[in-house]
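Given next are the chains, with one letter for each unit.
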Amino acid sequence: MRSSPNIIITGTPGVGKTTHSEILAERTGLRHLSVNQVVKDKECHEGWSDEYQSWIVDEDKLLDEIEDDVKAGGCIIDWHACDLFPRSWIDLVVVLRVDSKTLYDRLEARNYAEAKLQENIDSEIMEVLLQEAREAFDEEIVVELTSNSSTEMESNIDRIEAWIKQWKTDHAD
Ligand code: DAT
């Protein structure tokens, strides 16, 4: 039994996963587990895809690499996919959402190539990550939150922080 919950923060690139995760980690003492960083640092990949401009992730290796940490609890898992994580590891799945214009501006600021930019905008419009989360986890642990502005981000963080406190109270000995 873990004494601190595990939370996935997911969504299309640019929605605000890293920003939310970092602030939440600072406020709550939970650990920001950047999957991107683990994939790079621990080489949980089979090389770089030029087409997708991302690592070709070796999911088995990645899961082996993070298993002990996640099983101990208290991880904020930041990744643009969620259906690879075993259900028993996860207590809450937050899917961040952004309107297309805002996402366009954020990805353009990151110098994304037009094709990749468009692919991500389409994915956001089609709610790909939200569907993935709802298919992979019980619906009651999947929460959709909008992240268009810093006011929304503040409110999201307050909500998640309150949820963590409640989880700890409910799971105290
Ligand atoms: P992700 O980790 O999902 O790719 P990020 O946290 O790196 O996204 O954020 C992308 C950019 O958008 C970054 O410059 C911070 C900004 N941003 C994120 N969430 C925001 C919000 N709710 N309001 C304003 N700016 C935000």
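- The name that an unreviewed UniProt entry assigns to the protein is Adenylate kinase isoenzyme 6 homolog, with the source organism given as Trichoderma breve.
- Turning to the protein, the UniProt annotation filed under Sequence similarities (unreviewed entry) states: "Belongs to the adenylate kinase family. AK6 subfamily."
- Taken verbatim from the UniProt record of the protein, the Subunit (unreviewed entry) comment is "Interacts with small ribosomal subunit protein uS11. Not a structural component of 43S pre-ribosomes, but transiently interacts with them by binding to uS11."

Section: the site of the ligand
Reasoning step 1: Near the ligand you find 15 residues, and of these Gly14, Lys17, Thr18, Thr19 and Arg110 are the closest.
Reasoning step 2: Contact between the ligand and Ser149: a nitrogen atom at 2.9 Å from a main-chain N or O atom of the residue.
Reasoning step 3: For the ligand, a nitrogen atom lies 3.3 Å from a polar atom in the backbone of Ser150.
Reasoning step 4: Expressed as a share of its isolated accessible area of 550 Å², the protein-covered part of the ligand is 72%.
Reasoning step 5: Put simply, the parts of the chain that give the shell around the ligand at least two residues each are α1 (17-28) and α7 (150-170).
Reasoning step 6: The leading source of residues in the shell around the ligand is α1, at three residues.
Reasoning step 7: The residue makeup of the shell around the ligand, split by class, is three nonpolar, nine polar and three charged.

Side note on the pattern of salt bridges
Reasoning step 1: Tallied over the full model, the rule gives twelve salt bridges.
Reasoning step 2: The shortest N-O distance in the salt bridge between Asp91 and Arg2 comes to 2.9 Å. One end of the pair, Asp91, is in the loop between β5 (75-78) and β6 (92-97); the other, Arg2, is in the segment before β1 (7-10), with 89 residues separating them in the sequence. Residue Asp91 shares its accessibility class with Arg2, and that shared class is buried.
Reasoning step 3: Between Glu154 and Arg27 there is a salt bridge; the shortest N-O distance is 3.2 Å.

Side note on the layout of surface pockets
Reasoning step 1: Reported here for the largest pocket is a volume of approximately 980 Å³.
Reasoning step 2: Listed by contribution, the elements that provide at least two residues to the lining of the largest pocket are α1, β2 (31-34), α2 (35-41), β3 (45-49), β4 (54-57) and α5 (114-125).
Reasoning step 3: Taken together, the residues of the lining of the largest pocket break down into twelve nonpolar, 13 polar and nine charged.

Some remarks on a negative patch on the surface
Reasoning step 1: A cluster of like negative charges, contributed by Glu59, Asp60, Asp64, Glu65, Asp83 and Glu135, occupies part of the molecular surface.
Reasoning step 2: The leading source of residues in the negative patch is helix α3 (residues 59-72), at four residues.
Reasoning step 3: Within the fold, Asp64 resides in helix α3.

Considerations on the UniProt feature "binding site: ATP" (unreviewed entry) in the protein
Reasoning step 1: The positions that UniProt labels "binding site: ATP" (unreviewed entry) are, in the present scheme, Gly14, Gly16, Lys17, Thr18, Thr19 and Arg110. Lining residues of the largest pocket drawn from the annotated list: Gly14, Gly16, Lys17, Thr18, Thr19 and Arg110.
Reasoning step 2: By the element assignment, Lys17 lies in helix α1.
Reasoning step 3: Given the relative accessible area of 9%, Lys17 is considered buried.
Reasoning step 4: Counting through the fold element by element, Thr18 comes out in helix α1.
Reasoning step 5: Judged by its relative accessible area of 38%, Thr18 falls in the partly exposed class.
Reasoning step 6: If we ignore the near neighbours within four places in the chain, the residues touching Thr18 are His32 and Asp78.

Criteria and cut-off values
- Residues numbered from 1 in each chain as written.
- Predicted model: local features only at pLDDT ≥ 70, side-chain atom pairs only at ≥ 80, totals over all residues.
- Heavy atoms only, no water.
- UniProt positions renumbered as here; feature names shortened; annotations may be inferred.
- Near = heavy atom within 4 Å.
- Polar contact = N/O pair within 3.5 Å; in protein donor to acceptor, adjacent residues only side chain to side chain.
- Areas by Shrake-Rupley, 256 points an atom, 1.4 Å probe, with all protein chains shown as cover.
- Helix = DSSP H or I, 4+ residues; strand = E, 2+ residues; numbered from the N terminus.
- Nonpolar A, V, L, I, M, F, W, Y, C, P; charged D, E, K, R; others polar.
- Salt bridge = Lys/Arg side-chain N within 4 Å of Asp/Glu carboxyl O.
- Buried < 20%, exposed > 50% of the residue type's maximum accessible area, 1.4 Å probe, protein only.
- 1 Å grid on protein atoms, 1.4 Å probe; cavity = no way out; pocket = protein on both sides within 12 Å on 5 of 7 lines; lining within 4 Å.
- Points joined across faces, edges and corners; volume = space filled by probe spheres on them.
- Patch = residues over 30% accessible without salt bridge, like charges linked within 9 Å, V, L, I, M, F, W, Y side chains within 5 Å.
- Lys, Arg positive; Asp, Glu negative; His and termini not counted.
- Charge placed at Lys NZ, Arg CZ, Asp CG, Glu CD.
- Contact = heavy atoms within 4.5 Å.

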